[in-house]
Amino acid sequence: MLVTAEDMLKKAVAGKYAVGQFNINNLEWTKAVLLTAQELNSPVILGVSEGAGKYMAGFETVAAMVKAMDESLGITVPVALHLDHGTYEGCYKCIKAGFTSIMFDGSHYPIEENVAKTKELVSVTRAMGMSLEAEVGSIGGEEDGVIGMGECADPNECKSVADLGVTMLAAGIGNIHGKYPANWQGLSFETLAAIKELTGEKPLVLHGGTGIPADMIKKAISLGVAKINVNTECQLSFADATRKYIEAGKDLEGKGFDPRKLLAPGFEAIKATVKEKMELFGSVGKA
Ligand code: 13P
């Protein structure tokens, strides 16, 4: 059931668990995430980056595919279709395409400009009945060619953006997209606690969910994180399962080259990763 992310995240804050955002890249990804959410009776957020949107032939195609698949598979758990790290222009494209939720990533603008653009998008998304994620303090690592340094957000800036009426707030707390380097310092719980103190019940978003140890995830949830984004980990498990299939020569046996067979191990691997994350985040049975 396609919905905004608002109610599911309010419930997550109250119930002290987090809803997973899993980024999608194609039909297999979308189907794997939707079916796992349904099997585990968990709410879920499908994340679409601008790069992935382009890859899938545009946001209209993505929205049409997700809506049709949600209906055809009989998905009854709450599903939000969300733009990940949207530019200002990308946000308007997704509003038009029928997404139920968007993220405006204005973290690279001076705070005044981030506030002004976010404020405008708050009123537009409110009028459209959509949810909106804002970002303060850039997330480290590489996302669609943009490299962030993993800074910690200023809690006062977080408060000024949270107070604009956004649905959820992504704040940098030393998290990084992609694999964490061996010398990573870990999440800054001091920063997270200070942000929580100033932003109250506002659902907080943790990007870079790949590779964060389970104890840190649990602590982050206890400090107000209600949405956790996972992308790279599904890509790694898909690639690993696909490589094993090909290295075992299975594509050369019978009709093993049929894409429905060739992509099946990767599909199952995404499902297993999503299941593991939903169990860790505590969203199982919370639909
Ligand atoms: P990872 O690729 O590190 O899991 O991060 C995903 C993310 O934060 C998407 O916005």
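What you are looking at is a predicted structure, and each value in this text was computed from that prediction instead of being measured.

Analysis parameters
Residues numbered from 1 in each chain as written. Predicted model: local features only at pLDDT ≥ 70, side-chain atom pairs only at ≥ 80, totals over all residues. Heavy atoms only, no water. Core = buried A, V, L, I, M, F, W, Y, C linked by side-chain atoms within 4.5 Å. Buried < 20%, exposed > 50% of the residue type's maximum accessible area, 1.4 Å probe, protein only. Contact = heavy atoms within 4.5 Å. Helix = DSSP H or I, 4+ residues; strand = E, 2+ residues; numbered from the N terminus. Polar contact = N/O pair within 3.5 Å; in protein donor to acceptor, adjacent residues only side chain to side chain. Phe/Tyr/Trp six-rings, centres within 6.5 Å; stacked < 30°, edge-to-face > 60°. Lys NZ or Arg CZ within 6 Å of the ring centre and 35° of its normal. Pairing = 2+ DSSP bridges. Axes fitted to C-alpha atoms, helices over the stretch in contact; angles between N-to-C directions. UniProt positions renumbered as here; feature names shortened; annotations may be inferred. Near = heavy atom within 4 Å. Areas by Shrake-Rupley, 256 points an atom, 1.4 Å probe, with all protein chains shown as cover. 1 Å grid on protein atoms, 1.4 Å probe; cavity = no way out; pocket = protein on both sides within 12 Å on 5 of 7 lines; lining within 4 Å. Points joined across faces, edges and corners; volume = space filled by probe spheres on them. Nonpolar A, V, L, I, M, F, W, Y, C, P; charged D, E, K, R; others polar.

## A closer look at the nonpolar core
Then, in step 1: Counting 72 residues, the largest nonpolar core has Phe-22, Phe-99, Ile-102, Leu-187 and Leu-206 as the members making the most contacts within it.
Then, in step 2: If near-sequence neighbours (up to four positions away) are discounted, Phe-99 is found in contact with Val-48, Phe-59, Val-62, Ala-63, Leu-81, His-82, Leu-83, Cys-94 and Met-130.
Then, in step 3: Grouped together as the second largest cluster of nonpolar side chains are 14 residues, Leu-9, Ile-45, Ala-80 and Ala-226 included.

## Some remarks on the side chain of Asn-23
Then, in step 1: By secondary structure assignment, the location of Asn-23 is in strand E1 (residues 19–23).
Then, in step 2: Here the side chain of Asn-23 touches Asp-84 through a polar contact of 2.9 Å, side chain to side chain.

## Topic: the packing of aromatic side chains
The way to describe two aromatic rings as a pair is by their centre distance and the angle between their planes.
Then, in step 1: The full count for this structure, using the stated rule, is six aromatic pairs.
Then, in step 2: With a centroid separation of 5.4 Å and 70 degrees between ring planes, the pair formed by Tyr-88 and Tyr-92 is classed as edge-to-face. Residue Tyr-88 and its partner Tyr-92 are located together in helix H5 (residues 88–97), separated by four residues, close to a single helical turn.
Then, in step 3: By relative accessible area, which is 30% here, Tyr-92 ends up partly exposed.
Then, in step 4: Ring geometry for Phe-104 versus Tyr-109: centroids 6.3 Å apart, planes at 25 degrees, classification stacked.
Then, in step 5: The class for Phe-104 is buried, based on a relative accessible area of 1%.
Then, in step 6: Taken together, Tyr-88, Tyr-92, Phe-104 and Tyr-109 form an aromatic cluster joined through their ring pairs.
Then, in step 7: When the ring centre of Phe-267 is taken as reference, the NZ or CZ atom of Lys-31 above it lies at 5.9 Å.

## Some points on the sheet that holds strand E2 (residues 44–49)
Then, in step 1: Strand order in the closed barrel formed by eight strands is E1-E2-E3-E4-E5-E8-E9-E10, with parallel pairing between adjacent strands. Going from strand to strand, the sheet's axes swing by 25 degrees on average, the running direction of each strand aside.
Then, in step 2: Judged from the four bridges that link them, E1 and strand E10 (residues 225–230) form a sheet pairing that is parallel. The partner of Gly-20 across the bridge, within E10, is Ile-228.
Then, in step 3: Contacts between helix H8 (residues 189–199) and the sheet are confined to strand E8 (168–171), strand E9 (204–206) and E10, with E9 contributing the most and set at about 155 degrees to the helix.

## Let's talk about the UniProt feature "binding site: Zn(2+) 1" (unreviewed entry) in the protein chain
Then, in step 1: Mapped onto this numbering, the UniProt entry annotates "binding site: Zn(2+) 1" (unreviewed entry) at His-85, His-177 and His-207. On the basis of their most widely separated C-alpha atoms, the annotated residues across 123 residues gather in one place, lying no more than 11.7 Å apart.
Then, in step 2: Inspection of the secondary structure puts His-85 in strand E3 (residues 79–86).
Then, in step 3: Among the polar contacts made by the side chain of His-85, one reaches the side chain of Asp-105 at a distance of 2.8 Å.

## Observations concerning the site of the ligand
Then, in step 1: Among the 15 residues in the neighbourhood of the ligand, the closest are listed as Asp-84, Gly-178, Gly-208, Thr-210 and Thr-232.
Then, in step 2: Within the backbone of Gly-178, a nitrogen or oxygen atom sits 2.8 Å from an oxygen atom of the ligand.
Then, in step 3: Gly-208 places a polar main-chain atom, nitrogen or oxygen, 2.8 Å from an oxygen atom of the ligand.
Then, in step 4: Coverage of the ligand by the protein amounts to 100% of the 310 Å² it exposes when considered alone.
Then, in step 5: Broken down by secondary-structure element, the contributors of at least two residues to the shell around the ligand are E3 and E10.

## Examining the layout of surface pockets
Then, in step 1: The space that makes up the second largest pocket amounts to roughly 260 Å³.
Then, in step 2: What lines the second largest pocket is a set of 16 residues, among which Glu-6, Lys-10, Val-166, Thr-167 and Lys-202 lie closest to the centre.
Then, in step 3: Within the residue set of the lining of the second largest pocket, elements represented by two or more residues are helix H1 (6–15) and helix H6 (111–128).
Then, in step 4: A per-element tally of the lining of the second largest pocket places H1 first, with four residues.
Then, in step 5: Across the lining of the second largest pocket, the residue classes break down as seven nonpolar, four polar and five charged.

## A word on the UniProt feature "binding site: Zn(2+) 2" (unreviewed entry) in the protein chain
Then, in step 1: Per the UniProt record, "binding site: Zn(2+) 2" (unreviewed entry) is found at Asp-105 and Glu-135. A maximum C-alpha distance of 5.3 Å is found for the annotated residues, which run over 31 residues; spatially they form one tight group.
Then, in step 2: With respect to the helices, strands and loops of the structure, Asp-105 is situated in the loop between strand E4 (101–104) and H6.
Then, in step 3: Residue contacts for Asp-105: discarding those within four places in its chain leaves His-85, Gly-86 and Glu-135.
Then, in step 4: When you line up the elements, Glu-135 lands in strand E5 (residues 131–136).
Then, in step 5: When neighbours within four sequence positions are excluded, Glu-135 is seen to be in contact with His-85, Met-103, Phe-104, Asp-105, Gly-106, Ser-107, Asn-114 and Ala-170.
Then, in step 6: There is a polar contact of 3.2 Å between the side chain of Glu-135 and the side chain of Ser-107.

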